[in-house]
Amino acid sequence: MTTVMTHAALGLTLGQALRPARCGPRYWLACALLPVLPDADVIGLPLGIAYGDLLGHRGLSHSLAFAAVLGLATALSMRWREGRGWPETRHLAMLFILLVASHGPMDMLTNGGLGIALLSPFDAGRYFWDWRPILVSPIGLKNFLTPWGWAVIKTELFWFGPPIALLLAATAIRRRIARKTCPASQ
Ligand SMILES: [Zn+2]
């Protein structure tokens, strides 16, 4: 897998770039957690669920179908809790689906483990990109606090750091221009 920090950083960056008019702590928490949640499937390993099973690591939870269900459910839950209208809910649903869906293609850049069941449950295939520059992250904190974990952080900073910084800068510039053009906008 790619590390939790990188998935969360991308989620917060996309959340900033595509944020709706109203965004409180619940919104930012969703942006940080949604791209990370597919990796909650590792709890199945000590419970005896095999890595390659449908519910195993990088299985159904890493699919586009799971992203659609989780993203939509989160947006509907925020609509219900915060009294948001349908246009805002639709915006949140598309963003949240994108955030969860970002996880699988990022993991497909890693150089180890089994591939990603991106099209599960319709296709049991496990996929990688042809180009895989990201060192696969070890599973578990104990394994992460090793030279291997440090090497993973370095490769992720190298490959994901610049695009994330660029997207943040482009968002800031776009907002600055929008404020100058229309002072009431964000
Ligand atoms: Zn993963």
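Every chain begins its residue count from 1, and numbering advances along the sequence as written. With the structure being a predicted model, the display of local features is reserved for residues of pLDDT at least 70 and the display and counting of side-chain atom pairs for 80 or more, all residues being used for whole-chain, interface and lining totals.

Draft legend 1. View of the overall build of the protein. Looking only at helices and strands, one finds 7 helices and 0 strands in the protein. Numbering of helices and strands runs from the N terminus, with a helix taken as a DSSP run of H or I at least four residues long and a strand as a DSSP run of E at least two residues long. The secondary structure elements of the protein, listed N-terminal to C-terminal, are α-α-α-α-α-α-α. Projected onto its principal axes, the C-alpha coordinates of the protein cover approximately 55 × 35 × 30 Å. Buried means a residue has 20 or more other C-beta atoms within 10 Å of its own C-beta, exposed means 12 or fewer, and partly exposed covers the counts in between; C-beta atoms are placed from the backbone. Counting the 186 residues in the protein, one finds 28% classified as buried. Two residues form a contact once the distance between their C-beta atoms, set from the backbone, is within 7 Å. Contacts spanning at least 24 positions in sequence make up 61% of the contacts within the protein whose residues lie at least 6 apart.

Draft legend 2. Local environment of unusual backbone geometry. That bond from S120 to P121 is cis: its omega, 5°, falls within 30 degrees of zero. With a phi close to 70°, R58 is a non-glycine residue in the positive phi region. Turning to its location among the elements, R58 is positioned in the loop between helix 2 (25-33) and helix 3 (64-82).

Draft legend 3. Structural context of the nonpolar core. To count as a nonpolar core, a set of buried Ala, Val, Leu, Ile, Met, Phe, Trp, Tyr and Cys residues must be joined through C-beta atoms within 7 Å. Counting residues in each nonpolar core, the largest one holds 18 residues, and the members touching the most others are L34, L92, F96, I97, L99 and V100. Elements supplying a minimum of two residues to this core: helix 1 (4-17), helix 2, helix 3 and helix 4 (86-101).

Draft legend 4. Inspection of the packing of helix 1 against helix 2 at higher detail. Throughout, an axis means a line fitted to C-alpha atoms (over the contacting stretch in the case of helices), and angles, computed between N-to-C directions, take values from 0 to 180 degrees. In contact at an axis separation of 7 Å, helix 1 and helix 2 are set at 135° when each is read in the N-to-C sense. Judged by the angle between their axes, helix 1 and helix 2 are oblique. Residues A8, G11, L12 and G15 of helix 1 lie in contact with helix 2, whose contacting residues are W28, C31 and A32. Considering only residue class, the contact of helix 1 with helix 2 consists of 5 nonpolar, 2 polar and no charged. Any angle between 65 and 115 degrees counts as roughly perpendicular, while under 35 counts as roughly parallel, over 145 as roughly antiparallel, and the rest as oblique. For this classification, the nonpolar set comprises Ala, Val, Leu, Ile, Met, Phe, Trp, Tyr, Cys and Pro, the charged set comprises Asp, Glu, Lys and Arg, and every other residue, Gly included, is treated as polar.

Draft legend 5. Summary view of the packing of helix 3 against helix 4. Helix 4 packs onto helix 3 with a crossing angle of 145° between their chain directions and a minimal axis gap of 7 Å. The two elements helix 3 and helix 4 cross, and the hand of that crossing is right-handed. Contacts between helix 3 and helix 4 involve L64, F66, A67, A68, L70, G71, L72, T74, A75, L76, M78 and R79 on the former and, on the latter, T89, L92, A93, F96, I97, L99, V100 and A101. Considering only residue class, the contact of helix 3 with helix 4 consists of 16 nonpolar, 3 polar and 1 charged. Each helix crossing is assigned a hand: it is left-handed if the near helix lies turned anticlockwise from the far helix by less than a right angle, otherwise right-handed if that turn is clockwise.

Draft legend 6. Broad picture of the environment of E82. On the secondary structure map, E82 appears in helix 3. E82 gets classed as partly exposed once you count the C-beta atoms within 10 Å, which come to 14. Expressed as a C-alpha distance, the spacing of E82 and R26, which sit 56 residues apart in the sequence, is 9.6 Å.

Draft legend 7. Broad picture of the environment of L166. The topology assignment puts L166 in helix 7 (residues 147-181). Measuring from C-alpha to C-alpha, the distance between L166 and I116 comes to 27 Å, with 50 residues separating the pair along the chain.

Draft legend 8. A look at the environment of G52. Within the secondary structure, G52 sits in the loop between helix 2 and helix 3. For G52, a count of 14 C-beta atoms within 10 Å puts it in the partly exposed group. Once the C-alpha coordinates of G52 and Y27 are considered, the two residues, 25 residues apart in sequence, prove to be 33 Å apart.

Draft legend 9. Helix 3, seen in detail. Its 19 residues give helix 3 an end-to-end C-alpha distance of 27 Å, which sits within 8% of 27 Å, the value for a rise of 1.5 Å per residue. For helix 3, the set of buried residues is F66, A67, G71, T74, A75 and M78. With its buried residues spanning 150° around the axis, helix 3 presents them on a single face. Across from the buried face of helix 3, at angles greater than 90 degrees, the exposed residues are A73 and W80. Those residues of helix 3 that are buried are in contact with helix 2 and helix 4. At the C-terminal side of helix 3, G83 shows a positive phi close to 60°. For a helix, the expected span equals 1.5 Å multiplied by the number of residues minus one. Working note: the arc is built from the helix axis to C-beta atom directions.

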